[in-house]
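# Structural description and commentary
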Amino acid sequence: MTEWYEEWFGEDYLRLYPHRDDAEAERAVALIADTLGLESGWNVLDVGCGGGRHTKAFAGRGARCVGLDLSATLLHLARQVTSAPLVRADMRQLPIRPASMDLTVNLFTSFGYFDRDSEHSAALAEMIGTLKPRGWFVIDFLNPAAVLQRLVPQETLDLGGDTVEVTRSVSPDGRFVCKSIRVPRGKQYTERVRLFEPGQISAMLEALGVSVAHSFGDYDASPPTPGSPRTILMGQAG
């Protein structure tokens, strides 16, 4: 059976979200670069690179960045904004040489998509396996407390004269935030993201040999709070 993330990140996704914010991506990369002391020539892997915003920003700072995503549609978009190498792959099976990266990142909530937490752990293990000794891993994820506080159950969006119905809910077991998107022509898509608490992600990283050294609640380097929009964790491999 086709998973939701294999269907959703295509043409209709781009129609609904045509202009992801390049300035926001620059802020995220600036926070990472300033915190970790990113140097020109670092090998950087951007897992879940989407349309290439962060890959482009890393390359602009002199990094040798590789973008990786499962969506052929988003990789085609990325090719239009960056000349960095782009790879189509599933994050649970990365075709990247182990211990080859100075920095591997997973940004803008490109995680938490799988049914089983064992799959999430496996994906993290694959990403961390790409790191050189003392290499860095950065994950930029949602803050579940803020998501639940600001959840909008239903909204109607206008898309060039077309009506798009969006509904949001929390799964009955409280583990996922779910979004249903009904677009014209009767087609319906789903987003389903695991509501990992920051402590849960930290524990998974620690179990894989990554010590979390820095945590932030947004791209302005503010400390994490229950109301912070983001969970940004930066850890170093042993």
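Anything mentioned here points back to the structure above.
Rules of the game
- Residues numbered from 1 in each chain as written.
- Predicted model: local features only at pLDDT ≥ 70, side-chain atom pairs only at ≥ 80, totals over all residues.
- Heavy atoms only, no water.
- Pairing = 2+ DSSP bridges.
- Helix = DSSP H or I, 4+ residues; strand = E, 2+ residues; numbered from the N terminus.
- Axes fitted to C-alpha atoms, helices over the stretch in contact; angles between N-to-C directions.
- Contact = heavy atoms within 4.5 Å.
- Buried < 20%, exposed > 50% of the residue type's maximum accessible area, 1.4 Å probe, protein only.
- Parallel < 35°, antiparallel > 145°, perpendicular 65-115°, else oblique.
- Left-handed = near helix turned anticlockwise from the far one by under 90°.
- Salt bridge = Lys/Arg side-chain N within 4 Å of Asp/Glu carboxyl O.
- 1 Å grid on protein atoms, 1.4 Å probe; cavity = no way out; pocket = protein on both sides within 12 Å on 5 of 7 lines; lining within 4 Å.
- Points joined across faces, edges and corners; volume = space filled by probe spheres on them.
- Nonpolar A, V, L, I, M, F, W, Y, C, P; charged D, E, K, R; others polar.
- Right-handed = clockwise from strand over helix to strand, strands pointing away.

### A short note on the sheet that holds strand 2 (residues 64-69)
Sheet architecture is open: 7 strands sit in the order 3-2-1-4-5-11-10, paired in mixed fashion. A single partner strand is all that each edge strand has here, and the edge strands are strand 3 (86-88) and strand 10 (210-216). The mean angle between the axes of side-by-side strands here comes to 20°, regardless of whether they run parallel or antiparallel. Where helix 3 (residues 22-36) meets the sheet, it contacts strand 4 (101-106), strand 5 (131-142), strand 10 and strand 11 (230-237), and its direction lies at approximately 35° from that of strand 11. The strands touched by helix 8 (residues 198-207) within the sheet are strand 5, strand 10 and strand 11, with strand 10 carrying the most contacts at an inclination of about 150°.

### Considerations on the environment of Ala-99
If you trace the backbone, Ala-99 turns up in the loop between strand 3 and strand 4. The exposure class assigned to Ala-99 is partly exposed, which follows from its relative accessible area of 39%. Linking Ala-99 and Gly-129, residues 30 residues apart in sequence, is a C-alpha distance of 6.2 Å. Ignoring any residue separated from it by four or fewer positions in sequence, one finds Ala-99 in contact with Gly-129, Thr-130, Leu-131 and Lys-132.

### Things to note about unusual backbone geometry
Positioned with a positive phi, Ala-99 is a non-glycine residue whose angle comes to about 55°. Positive phi is not limited to glycine here, since Arg-134 has a value of about 70°. Its place among the elements puts Arg-134 in strand 5.

### Section: the packing of helix 3 against helix 4 (residues 53-60)
For the pair helix 3 and helix 4, the least separation of the axes is 9 Å and the interaxial angle reads 50°. Between helix 3 and helix 4, the angle falls in the class oblique. Judged by the twist between their axes, the crossing of helix 3 over helix 4 is right-handed. Counted together, Asp-22, Glu-24, Ala-25, Glu-26, Ala-28, Val-29 and Ile-32 of helix 3 and Arg-53, His-54, Lys-56, Ala-57 and Phe-58 of helix 4 form the full contact between these two elements.

### Remarks on the sheet that holds strand 9 (residues 188-194)
The pairing of strands in a sheet comes from backbone hydrogen bonds and takes either a parallel or an antiparallel form. Spatially, 4 strands are ordered 6-7-8-9 in an open sheet, and the strand pairing comes out antiparallel. The sheet is open, and its two edges are formed by strand 6 (154-159) and strand 9, each paired on a single side. Shown here is a sheet whose adjacent strand axes are inclined to one another by a mean of 20°, direction ignored. Here strand 7 (residues 162-170) pairs with strand 8 (residues 176-182) via 6 bridges, running antiparallel. Bridge pairing links Val-166 to Ile-181 in strand 8.

### A short note on the environment of Arg-27
Inspection of the secondary structure puts Arg-27 in helix 3. In this structure, the C-alpha to C-alpha distance between Arg-27 and Asp-218, residues 191 residues apart in sequence, is 9.6 Å. Apart from the residues lying within four places of it in its own chain, the contact partners of Arg-27 are Tyr-219 and Asp-220.

### With respect to the pattern of salt bridges
Per the counting criterion, the structure on display carries 15 salt bridges. Between Asp-117 and Arg-175 there is a salt bridge, with the nearest N and O atoms lying 3.4 Å from each other. One end of the pair, Asp-117, is in helix 6 (residues 117-129); the other, Arg-175, is in the loop between strand 7 and strand 8, with 58 residues separating them in the sequence. Among the charged side chains, a network of salt bridges with common partners joins Asp-12, Arg-15, Asp-162 and Arg-185.

### Looking at empty space enclosed by the protein
Overall, the coordinates contain 1 cavity of 30 Å³ or more when judged by the stated rule. By volume, the largest cavity amounts to about 40 Å³. What lines the largest cavity is Ala-28, Leu-31, Ile-32, Leu-107, Val-138, Asp-140, Tyr-219 and Ile-232. Elements supplying a minimum of two residues to the lining of the largest cavity: helix 3 and strand 5. Looking at the lining of the largest cavity, its residues break down into 7 nonpolar, no polar and 1 charged.

### Overview of the pairing of strand 2
Counting buried residues along strand 2, 5 of its 6 residues qualify, which places the element largely inside the surrounding structure. Where strand 1 (residues 43-47) and strand 2 come together, 5 bridges link them in parallel fashion. Counted as the bridge partner of Leu-45 is Val-66 from strand 2. In this fold, strand 1 hands off to helix 4, which returns the chain to strand 2; that crossover is right-handed.

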